[in-house]
Amino acid sequence: MNNKIIVGLSNKEVVQNRLKYGSNKLNHKKKNSFIKLVLESFSDPIIKILLLALAIKIIFLFRDSNIYETLGIVIAIFLATFVSALSEYGSEKAFEKLCEENSIIKVKVLRNSKKITINIDELVYGDIVYLESGDKIPADGKIIQGEIYVDESTLTGESYEKCKNINDNDVYMGSIVNDKKAIMEVTRVGEKTYYGKIANDIQEKTIESPLKTRLRDLAKDISKFGYIAALLVLISYMFNVLVIANGFDINKILTFKNFFPHLIYAVTLSVAVIVMAVPEGLPMMITLVLSSNMKRMINKNVLVRKLVGIETSGSLNILFTDKTGTLTEGKLSVTSFITPELKEYDNIDKINKNVLLKDIVNISLVYNNSSFYNNDKIEGGNSTERAILSFCKTDSKNKYKILKSKEFNSKDKYSSITTNYKNNMTFFKGAYEIILSKCTKYITNNAEQRVLINKGKIQNYIDNEMNKGKRVLALAMSNTDKFESLTLIGFIFLKDNIRKETIGAIETIKNAGIQVVMITGDAKQTAVAVAKETKIIDNTNDIVLTSEEFNKMTDEYLMSILPRLKVLSRALPQDKNRLVKISQEKGLIVGMTGDGVNDASALKKSDVGFSMGSGTEVAKETSDIVILDDNIASITTAILYGRTIFKSIRKFIIFQLTVNVSAVLLSVIGPFIGILSPVTVVQMLWINMVMDTLAGLAFAFEPAYKEYMKEKPKNRNEKIINKYMKNQIILNSIYSCAISIFFLKSSIIRSIYRYDPSDKYLMTAFFGLFIFLAIFNAVNARTYRINTFANLLKNRVFIFIILFIAIVQIILIYFGGDIFRTTGLTIYEFEIMLFLAFTVIPFDFIRKIVLKKRNIVREI
């Protein structure tokens, strides 16, 4: 086909081929509208309970005492769903802006015997496409003329270039042309391409997030508690009006006439208790904490596409990471030049000081190099040649003339140039094993030629350097242009250097109890070298597998060795999917990094997919989080913030359930001791605002502490409420309820407050007591430390909101009037109320001391 005249498609053939084979446009997943995101928010387990409670409240709305509380539930549901949808919608818009550049790629094609430029979407089967350095291959095809070096790492995961010509001619959509020119014929377009098939593979549903699972379990537990408490309230109220009020007289009980009105009221109280038991502020608080941290994280190069992905990243048990561009810099650089006598030069300036070697090395590296400087940027050539030119710091070729040149090809594996240096000397550069095998002499450090005898010593040195993850090129020269009897000049060692942050980031992730597994398309030797350098491998029991070995093993066996697996080399896309599946079946929460099309399916199926900012659109579209700087250190930031978020959610739950449970206990016990409605409906509206909206904001801005990265990750099935939380919720709620009952029924307290037939001073003080108990319980919930006020100043939003609540409460006490059923207290009356509320602080302090002495784990 090389000798055939190429004319390209005619306009008619373009139309026919588009109808027959389809267009080159990929059908991207339809983005959710804002309304759809709002509707999806209603699937939250706590929201479902609130909707049920709302339905019951509406049924009993004929009792006007329910109006404000019903309104409070409506507001809580609306804010939680609206803020969640708004945050995710905004994130999607940011993501779309990040990827919009992909839709304007232009392609040079031959049609009607003319070379024209078209949009990538207009390409059809059979089109003739011109490719040159820097182009992104627009469809699958075959090379019909010329030769190019392509980077297929986005598809295969392999970091090194491949030579494509008429002998090895298959090229794939999404690959990048790094050097030379060629002409390809399109053989597959759009969704039929390898790229397109992977894009379609990512449409399937993924596993439920750990947070959603935990919230669903929490909703079940709260529902049970609420229903039991509601039943107890109903029984206690009816027992009070039927039995206690009638002095246990069986005759009066049997002749009781107002049974049904009291029963209806008892049912109404029961519904109120169910609503009281539900932490209706939780959905909104979760949305607030996810949204606020999402904004903070983008300043740290972490773009969160799916809100729940932040929290899940904090629960990771295992992280599968790519090598190239994530652990490494993603570009080759020269580490050293080594002479045949194994003298090392780590920079060009040291070589230039050796006058005898200077010209020989300069011709080998600069003259035999097709890359060049364009201002301060190196262009042309392949990545190896650009790395060599960067090492040389110049592209000057003025001293000698190039008389003849031979380009590198995949068959010979070397390139050569003939110059006018010393009687037209020819210089060779290429694969070390090919060139070294042809060398009979070598250049000494003093530029003298000697017979090359001990190749074994050189080979041992090269093997040792390759075990460090380095690539090797050999340099040689000859008096003729024949590839034989060469004189060895030396070796160039290149490496994709480990990022300076990588080793520290890996250590941080491992200290967080997260297993790190490197998945790479590189050879086993290179992979092991990088894994050892980054400390991923740090034990003789660590396991390294090739894809071939991996695919011979059963899922059961892999599951048994998974805790010791550290490297998978020569990995295929399906290997990543299998690893995710096995890990999730083992109950692990899985993180996966990736930047290529080949990573998209695994990113989608993992619990948290981390795509790279420089990666493909498909990878970013399927991921939960985009790492904008491609740096694994930014993943540690995501993990830290994820753990912070989960702890913030737990702290808020401690606070809400402590107040809720104490209120429920008061409702259950109250009817037995003559306490029915100690707070008014309007007061309840303010209490709900304190407990839900304001407290949610306060806990949403908890700072991220590095100490969180030293804790073990949470298991997928671990409940959101742990033993420590249960202890704090139960004891503090019982104490708060006891203080409330003591305050309302104690003759000592009644003697302190001024007498009024309606008890307006006492009930004003009780309103204040309830709010300040909530405030001090919020302070207790912030930390598990003995020092209740530890790190309090680091959350200024919390301090501001607590002060705001306290100030508003004081204003309501003194100026609330009839609306809030309050009247001004004396300073002494106020101090007694405040003191009793504050006692929950020393009570919780004693609780923590007891737990510490009993060596009970104190962790939120």
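Look up a bit, the structure's there.
Quick summary incoming for the structure in this document. If you're wondering where the values come from, they're calculated on a predicted model, not measured in any experiment. (Residues numbered from 1 in each chain as written. Predicted model: local features only at pLDDT ≥ 70, side-chain atom pairs only at ≥ 80, totals over all residues. Heavy atoms only, no water.)

Considering the nonpolar core
Heads up, the condition is: The term nonpolar core refers to a set of buried residues drawn from Ala, Val, Leu, Ile, Met, Phe, Trp, Tyr and Cys, joined through side-chain atoms within 4.5 Å. Whether a residue is buried, partly exposed or exposed follows from its accessible area with a 1.4 Å probe, protein chains only, as a fraction of its type maximum: under 20%, in between, or over 50%, in that order. By definition, any uninterrupted DSSP run of H or I lasting at least four residues is a helix, any uninterrupted run of E lasting at least two residues is a strand, and each is numbered from the N terminus. Any two residues having at least one pair of non-hydrogen atoms within 4.5 Å are treated as being in contact.
With 125 residues, the main nonpolar core has I649, F655 and W686 as its most contacted residues. Looking at this core element by element, the count peaks at 18 residues for helix α24 (residues 632–669). If we skip the residues at most four places from it in the chain, W686 touches L694, F767, I771, I805, V808, Q809, L812 and F820. Residues L332, V361, Y421 and L473 belong to the second largest nonpolar core, which totals 31 residues.

A word on unusual backbone geometry
Its identity is not glycine, yet S113 carries a phi of approximately 65 degrees, on the positive side. Positionally, S113 belongs in the loop between β1 (106–111) and β2 (114–119). The backbone of N791 sits at a positive phi, close to 60 degrees, despite the residue not being glycine. With respect to the helices, strands and loops of the structure, N791 is situated in the loop between α28 (760–781) and α29 (796–815). You can call N791 partly exposed: its relative accessible area is 24%.

Side note on the packing of α28 against helix α32 (residues 840–853)
Defined as follows: All axes here are fitted lines through C-alpha atoms, helices being fitted over the stretch that makes contact, and every angle between N-to-C directions spans 0 to 180 degrees. Oblique is the label for every angle not falling under 35 degrees (roughly parallel), over 145 degrees (roughly antiparallel), or within 65 to 115 degrees (roughly perpendicular). Crossing handedness is defined as follows: a turn of the near helix away from the far one that is anticlockwise and smaller than a right angle gives a left-handed crossing, while the clockwise case is right-handed.
Where α28 contacts α32, the two axes come as close as 9 Å, and the packing angle between them is 30 degrees. For the element pair α28 / α32, the angle class is roughly parallel. Our pair here, α28 against α32, has a crossing hand that is right-handed. On α32, the residues touching L773, F776, N777, V779 and N780 of α28 are V840, I841, D844 and K848.

Notes on the side chain of N119
The line we're drawing: Any N or O atom pair separated by 3.5 Å or less is treated as a polar contact, with the protein-specific requirement of one donor-capable and one acceptor-capable atom, and with residues adjacent in sequence counted only for side-chain atom pairs.
With respect to the helices and strands, N119 occurs in strand β2. On the basis of relative accessibility, which here comes to 16%, the residue N119 falls in the buried class. Engagement of the side chain of N119 in a polar contact is seen with the backbone nitrogen of D121, the distance being 3.0 Å.

Description of the environment of N479
With respect to the helices and strands, N479 occurs in the loop between β19 (471–478) and β20 (486–498). Relative accessible area serves as the criterion here: at 59%, N479 is assigned to the exposed category. Distance from N479 to T418, taken between C-alpha atoms, is 9.3 Å for residues 61 residues apart in sequence. Dropping the residues within four chain positions of it, N479 is found in contact with N424 and M425.

Structural notes on the pairing of strand β23 (residues 565–569)
Here is the rule we go by: Only strands that DSSP links by at least two bridges are regarded as paired with each other.
Of all 5 residues that make up β23, 5 are buried, and the element is covered over most of its length. Strand direction decides the pairing type here: strand β22 (residues 543–546) and β23, joined by 4 bridges, are parallel. Counted as the bridge partner of V544 is V567 from β23.

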